[in-house]
Each structure stands twice: as structure tokens, then as C-alpha cells.
Amino acid sequence: MNEEINCAQCRLIDYDGNQMGVYSLSQALDIAAAAGYDLVEIAPDAKPPVCRVMNYGKYKYEQAMKAKQAKKNQTKIEVKEMKFRPKIDVGDYETKKKHVLRFLGDGNKVKITIMFRGREMAHPEQGISILERLADDLSDVAVVESKPILEGRNMHMTIAPSNKGGGKKQATQSRKAQKAAKQREAAQKQEEE
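Residues numbered from 1 in each chain as written. Predicted model: local features only at pLDDT ≥ 70, side-chain atom pairs only at ≥ 80, totals over all residues. Heavy atoms only, no water.

The chain has the name Translation initiation factor IF-3 in an unreviewed UniProt entry, where Phoenicibacter congonensis is given as its organism. Note on the chain: under the UniProt heading Subcellular location (unreviewed entry), the record states "Cytoplasm". Recorded under Sequence similarities (unreviewed entry), the UniProt text for the chain is reproduced unchanged: "Belongs to the IF-3 family." (UniProt positions renumbered as here; feature names shortened; annotations may be inferred.)

What follows is the structure, given as C-alpha cells:
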């Protein structure tokens, strides 16, 4: 930029992007100063190097704003973890399944872990059955990204939101359907009493 450019001649491009021709470095600096802008070397490997007359501060600001906007538009996918035990009860299973549904609804991946203790290691099929049951229950809102893997005393499976049903929207609808079913059950109990 400006006096930091090391070349005898350069191909000059004006502020509007028009080629002005080949100038000596001192002439190019004078032209940029007369216009009230900076001289910036944009193609140092060209013969002769290409320099442009521009407002360098404004250019840097625009680049920073573009980068900030691109970062803002990115979706950050987190990997949440839910831990189960091989002898999990139905109520606990349903509660944890709701948490997994919520994570999937937020657009996150979920790592399901089955933790084995002591003699439970002799029956890894119990862990596989829980993972398969969960995958079947969530098949409308999630896809299995990695199959069940046994590592030491833990078995892992990763699931991600499916794109076929809209992910978050479908998970929300699924939660609403579950809530409506609970309300119907409560109403039936009240009628029976």
C-alpha cells in the first residue's frame, strides 16, 4: 500500500475500475494522492504489478462486514449427549426421549450413550435393543448417523435431524401431538373417576 510498494512501474486501475495504463510508481502515487485515495497493490506477481486507486480503510471495513455477515448466517451444529442405562425404566426412557427430541428440534446432533457397569457388560444386546428402539421411535424426525459402537464400557450411537420433514418444525409438531395425547388421557381418567 502506498510507499510500501516495491516496483519501478505498475499497471494502474482507477477508482472506478478502468485501466489507465502503465505508470511509474511515483506517477501512480501522485495520481492516487490527487484523487484523495490510497494506491494498493492487488496483483504483485503480474508483469508489471497491478495497482489500484481505492479507499483502503473503506475496503477493509467492507471486508470485515462481509465476514461478520457470513459468520452470522452460519448455523452452528452442536453435538448434545444423552446417557442411558441398560436397565432403564419406561418413564425414564420417555423423559430422555423427549430431551433428545428437543435437541433434534433445535437442529443439533445427539450422541446417545449406553453406560454399562459390572456384569451388565455380559449383555451388550440390551444396549443395542435400547438404541434400536430409540432410533425407531425417532425415525420420523431423525436419521442414524453412526451405528451403535461398543467402546470399553460405553456404547455410542449418533443421530442427526432428518431433512425430509423439516427437522425443527416436525419435532415441534411431534411434541404438540404428544402433549395433546397426554391431555386426552387426562380427560379420560377424569371421566372414569
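After that view of the structure, there is still more to cover.
A. Representation of the UniProt feature "domain: Translation initiation factor 3 C-terminal" (unreviewed entry) in the chain in the model. As annotated by UniProt and renumbered to match this structure, "domain: Translation initiation factor 3 C-terminal" (unreviewed entry) occupies residues 77–161. End C-alpha atoms of residues 77–161 are separated by 10 Å, and the span's content is 35% helix alongside 36% strand. (Helix = DSSP H or I, 4+ residues; strand = E, 2+ residues; numbered from the N terminus.)

B. Representation of the pattern of salt bridges within the structure. Using the criterion set out here, one finds four salt bridges in the structure. Shared partners join several salt bridges into a network, and the residues in it are Glu-94, Lys-97 and Asp-137. (Salt bridge = Lys/Arg side-chain N within 4 Å of Asp/Glu carboxyl O.)

C. Examining the sheet that holds strand S4 (residues 50–54) more closely. Reading across from one edge, S2-S1-S4-S3 is the order of the four strands in this open sheet, with mixed pairing throughout. Two strands bound the open sheet, and with one partner strand each, they are strand S2 (19–24) and strand S3 (38–43). Along the sheet, successive strands turn relative to each other by an average axial angle of 35 degrees, direction set aside. Helix-sheet contacts for helix H1 (residues 25–35) involve strand S1 (9–13), S2, S3 and S4, and the interaxial angle to S2 is about 125 degrees. (Pairing = 2+ DSSP bridges. Axes fitted to C-alpha atoms, helices over the stretch in contact; angles between N-to-C directions. Contact = heavy atoms within 4.5 Å.)

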